Amino acid sequence: MGHFAVVDYVVFAVLLAASMGIGLYYALSGGRQRTTQEFLMADRNMRCLPVSLSLIASFQSAVAIIGVPAEIYAHGTQYWFIGCAYLLGLFIPAHVFIPVFYRLRVTSAYQYLELRFSRAVRICGTLTFICQMVIYMGICVYTPAFALNAVTGFELWVSVLATGLVCTLYTTIGGLKAVIWTDVFQTVVMFAGQLVVIVVGVQKTGGVSEVWRKVWEGNRISGLDLNPDPTERHTFWTLGVGGVFLMLSLYGVNQTQVQRYLSARTEKEAVRSCYMAFPSLQLALALSCVMGLVMFARYCGENHSDKLGTAMVLYFVMDMLQGLPGLPGLFVACLFSAALSTISSAFNSLATVTMEDLIKPHFPAMTEARAILLSKALAMSYGLLCVAMAYFTHLMGDSVLQMALKIFGMIGGPILGLFSLGMFFPWANSTGAVAGLGAGLSVSFWVSIGTILNRSSGSSSLPPDCRVNTTTALQTALSNVTLSRPSGLKRFYSLSYMWYSAFNCFTVILIGLIVSFLTGPMKEEDVTPGTVYPLLGKLLCFLPERLKKKLCCVTPLGQVSLQHRQPPQCKEINGSSHRQEDRPPPEESESFLPDAHTPHVEHETAV
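Residues numbered from 1 in each chain as written. Predicted model: local features only at pLDDT ≥ 70, side-chain atom pairs only at ≥ 80, totals over all residues. Heavy atoms only, no water.

1. What to know about the overall build of the chain
The helix and strand inventory of the chain stands at 23 helices and 2 strands. Counting all 607 residues of the chain, 59% fall into the buried class. About 23,800 Å² of surface is accessible on the chain, with carbon and sulfur atoms providing 66% of the total. (Helix = DSSP H or I, 4+ residues; strand = E, 2+ residues; numbered from the N terminus. Buried < 20%, exposed > 50% of the residue type's maximum accessible area, 1.4 Å probe, protein only. Areas by Shrake-Rupley, 256 points an atom, 1.4 Å probe, with all protein chains shown as cover.)

2. Considering the environment of Leu 293
Looking at where Leu 293 falls in the secondary structure, it is placed in helix α13 (residues 267-299). Using a relative accessible area of 11% as the deciding quantity, one classes Leu 293 as buried. Each C-alpha atom, one on Leu 293 and one on Val 211, is 7.7 Å from the other, the two residues being 82 residues apart in sequence. Once residues lying within four places of it in the same chain are set aside, the contact partners of Leu 293 are Ile 72, Thr 77, Trp 80, Val 211, Val 215, Arg 220 and Ile 221. (Contact = heavy atoms within 4.5 Å.)

3. Some details on the nonpolar core
Of all hydrophobic cores here, the largest spans 153 residues; its most connected members are Phe 97, Phe 101, Phe 316, Phe 331, Phe 419 and Met 423. Sort the elements by how many residues they give to this core and α13 lands first, with 16 residues. Every residue in contact with Phe 101, bar those within four places of it in the chain, is listed here: Val 106, Ala 109, Tyr 112, Gly 252, Val 258, Leu 262, Phe 419 and Met 423. Core analysis: the next-biggest nonpolar cluster, separate from the first, contains 6 residues, Ala 351, Ile 359, Leu 378 and Ala 379 among them. (Core = buried A, V, L, I, M, F, W, Y, C linked by side-chain atoms within 4.5 Å.)

4. A look at the side chain of Thr 354
Looking at where Thr 354 falls in the secondary structure, it is placed in helix α15 (residues 327-359). In this structure Thr 354 comes out as buried when scored by relative accessible area, which is 7%. A polar contact is formed between the side chain of Thr 354 and the backbone oxygen of Leu 350, at a distance of 2.7 Å. In this view, Thr 354 contacts Ile 130, Ile 359, Leu 378 and Tyr 382; residues no more than four positions away in its chain are not counted. (Polar contact = N/O pair within 3.5 Å; in protein donor to acceptor, adjacent residues only side chain to side chain.)

5. Examining α15
Taking 1.5 Å per residue, 33 residues should reach 48 Å; α15 reaches 46 Å between its end C-alpha atoms and fits that length. Burial runs high along α15: 30 of the 33 residues are buried. (Expected span 1.5 Å × (residues − 1).)

6. A closer look at the pattern of salt bridges
In this structure the tally under the stated criterion is 11 salt bridges. Of the charged contacts, one joins Glu 71 and Arg 233 as a salt bridge, the two residues approaching to 2.6 Å between their closest N and O atoms. Taken together, the positions of Glu 71 in helix α4 (residues 62-75) and Arg 233 in the loop between α9 (208-217) and α10 (236-240) put the pair 162 residues apart, joining distant regions of the chain. Judged by relative accessible area, Glu 71 falls into the buried class, the value being 6%. Among the ionic pairs, Lys 214 bridges to Glu 210, the shortest N-O distance being 4.0 Å. Highlighted residues: Lys 214 and Glu 210, both in helix α9, separated by 4 residues, approximately one helical turn. Relative accessible area serves as the criterion here: at 17%, Lys 214 is assigned to the buried category. Connected through shared salt-bridge partners, Glu 114, Arg 119, Arg 122 and Asp 357 make up one network. (Salt bridge = Lys/Arg side-chain N within 4 Å of Asp/Glu carboxyl O.)

7. Focus: the packing of helix α5 (residues 83-104) against helix α12 (residues 255-263)
A packed helix pair is summarised by two numbers, namely the angle formed by the two axes and the spacing between the axes. The geometry of α5 relative to α12 is characterised by a closest axis approach of 10 Å and an angle of 70° between their N-to-C directions. Comparing their axes, α12 and α5 come out roughly perpendicular. Along the contact surface, α5 presents Pro 93, Ile 98, Phe 101 and Tyr 102, while α12 presents Val 258, Tyr 261 and Leu 262. (Axes fitted to C-alpha atoms, helices over the stretch in contact; angles between N-to-C directions. Parallel < 35°, antiparallel > 145°, perpendicular 65-115°, else oblique.)

8. Focus: the environment of Phe 517
Position of Phe 517 among the secondary structure elements: in helix α21 (residues 500-519). It is 7.8 Å that separates the C-alpha atoms of Phe 517 and Ala 428, two residues lying 89 residues apart in sequence.

9. Considering the packing of aromatic side chains
Overall, the coordinates contain 17 aromatic pairs when judged by the stated rule. Ring plane angle 40° and centroid distance 5.9 Å describe the contact between Phe 425 and Trp 427, whose orientation is recorded as tilted. No difference in accessibility class separates Phe 425 from Trp 427, as the two residues are buried. Three or more aromatic residues joined by ring pairs form one cluster here, namely Phe 97, Phe 101, Tyr 110, Tyr 112, Phe 129, Phe 419, Phe 424 and Tyr 533. (Phe/Tyr/Trp six-rings, centres within 6.5 Å; stacked < 30°, edge-to-face > 60°.)

10. Points about the packing of helix α11 (residues 242-251) against α21
In the contact formed by α11 and α21, the axes pass within 7 Å of each other and the chain directions differ by 70°. By the angle between their directions, the pair α11 and α21 is classed as roughly perpendicular. Facing Phe 245, Leu 246 and Ser 249 of α11, the residues of α21 in contact are Ser 501, Ala 502 and Phe 506. Counted by class, the contact of α11 with α21 contains 4 nonpolar, 2 polar and no charged residues. (Nonpolar A, V, L, I, M, F, W, Y, C, P; charged D, E, K, R; others polar.)

11. Overview of the side chain of Gln 132
Take Gln 132: it is sitting in helix α7 (residues 119-152). Contacts of Gln 132, omitting those with residues within four sequence positions, involve Asn 254, Ile 407, Phe 408, Ile 411, Gly 412 and Ile 415.

12. Topic: the confidence of the model for the chain
Looking at the chain as a whole, the pLDDT averages 75, with 74% of positions reaching at least 70. No element of the chain has a lower mean pLDDT than strand β1 (residues 571-573), which averages 38, and none a higher one than α21, which averages 92. Note on residues 469-483: pLDDT is under 50 here. Beyond four places in sequence and across chains, it has 1 contact. Considering only residues more than four positions removed or in separate chains, one finds that residues 555-607, a stretch of pLDDT under 50, has 102 contacts. (pLDDT = per-residue confidence, 0-100.)

13. What about a nonpolar patch on the surface?
Side chains of Leu 161, Leu 165, Met 380 and Leu 384 sit close together on the surface and give an oily, nonpolar patch of about 350 Å² of accessible area. Of all the secondary-structure elements, those providing two or more residues to the nonpolar patch are α8 (156-205) and α16 (368-393). Following the sequence through the fold, Leu 384 ends up in helix α16. (Patch = residues over 30% accessible without salt bridge, like charges linked within 9 Å, V, L, I, M, F, W, Y side chains within 5 Å.)

Printed below as a string of structure tokens:
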């Protein structure tokens with residue numbers, strides 16, 4: 001596939017050096033990462049622009065940069081419709097999840113679960129998140145290492161170690177500030193690398209009109225597929241509706257993103273950063289999809305069946321940038337930028353949840369110096385663990401994109417269900433929450449194992465010809481559907497991976513509510529103020545107040561009388577002190593959520 005020239009190595013080295021430099025700068029400046037508040041939460045002092053770019057970088061990993069073009073090249077532009085899910089996938093977190101988390105002043109999203117349910121639910125949620133992120137990080141570390149191996153001849157596992165160690169180092173020494181500002185720098189590099197490949201590719205293929213002619217005649221421009229069949233891999237419904245739940249599991253309750261919201265100066269800045277991420281996410285998706293179309297236009301009519309999706313993208317990049325010194329280095333730097341930003345975000349969030357949810361509650365008297373040392377040790381340990389997980393990634397058979405989204409659906413879906421159960425259903429109790437999460441994870445793994453054991457050839461790629469006979473292609477597709485349509489359990493196992501999040505989320509909510517009612521639903525006065533969003537009260541606004549009260553649809557949040565409020569003083573939540581003066585300014589608050597630092601007096605001991 002060709003190798004790096006000297007200038008490519010220089011460009012690539014400059015990227016790594018810049019990332020390390022940012023980490024070193026924040027290790028030696030400001031508070032020098034001497035407190036857990038600064039190391040894990042960036043002193044809650046970040047502006048919306050760097051937070052929004054960090055939100056993008058945390059999601060737009062090397063998996064997306066390589067996986068999406070490979071998907072478009074093989075199957076056409078149907079995947080592009082996932083952009084429709086971005087709107088609700090960011091609007092709901094901005095107006096539901098961010099206000100609840102921000103006003104509770106938590107450090108870990110899973111502290112919410114203890115305030116709403118119990119410590120047992122919090123620990124279950126934390127362990128599930130750790131499992132999800134460690135597996136996903138294996139894919140994120142492996143993908144750019146595979147790219148570096150392919151274009152430079154570096155040993156694959158040397159590349160894996162280089163990726164993991166550089167990232168672990170600057171995360172460990174620089175904390176969340178270093179992670180967010182390297183994300184900003186790496187997002188710029190990421191967009192630049194993709195843009196260069198697209199521009200050069202269009203030029204070498206014969207111009208924009210020639211690219212359009214080839215992708216149109218090659219049947220790569222997909223129309224709106226409204227097929228309601230949930231077993232269809234990609235349709236408007238699987239991407240536009242199923243994708244909303246996938247986005248909510250990422251941008252609503254994932255600790256990596258919640259930590260960024262909570263690092264913002266004010267709640268308004270946090271909400272604004274969520275909105276600012278929308279156009280940038282659409283731009284990132286568009287660049288990846290256009291790159292896939294240019295790749296098809298360049299190679300239509302040629303047989304490249306010997307190359308897997310990932311290898312095909314890298315072959316295209318090196319073919320396009322051959323003879324242009326520095327540009328291959330820029331693209332590999334682009335891949336590494338995306339990977340480093342995602343991995344560093346995960347390391348920091350994993351260290352946060354382990355510290356706040358698993359260690360501090362058992363050692364409330366731990367000194368700040370020891371806590372910061374332990375936080376850095378945790379970040380480093382997770383870095384090394386994720387490098388080890390990368391070994392298992394190359395043993396899996398799916399495309400890297402599908403593999404990553406499956407993980408978010410399988411494990412992120414039940415986590416989303418757990419938070420939704422607590423936030424929207426006042427009757428849900430701790431027993432129901434644990435039972436729901438257990439059921440969601442069990443069903444999730446049952447479907448996943450069934451899918452692996454009954455693995456079919458999957459969605460077949462469209463033919464790589466520049467001209468496709470539409471009638472013949474349609475007849476072939478219909479005959480394939482007729483012959484291969486599964487039945488019974490096999491049909492259930494054929495559920496599109498884009499529905500995993502929604503299916504698992506609703507499983508958790510349904511089982512959680514059933515078990516809660518069987519074991520005695522939580523009473524309105526027992527729910528900690530600030531932990532329930534009044535969704536049911538708003539949806540059932542047409543009912544009389546008395547009936548809403550009976551159905552427990554009137555949220556307890558708006559009815560906390562003054563005598564139930566606690567005077568301004570310190571309140572201990574899991575060993576960390578939160579003061580009234582730490583609240584956001586009064587103008588940041590909305591009427592439906594009172595300050596979470598003023599719970600019922602009688603509930604204080606329970607919390």
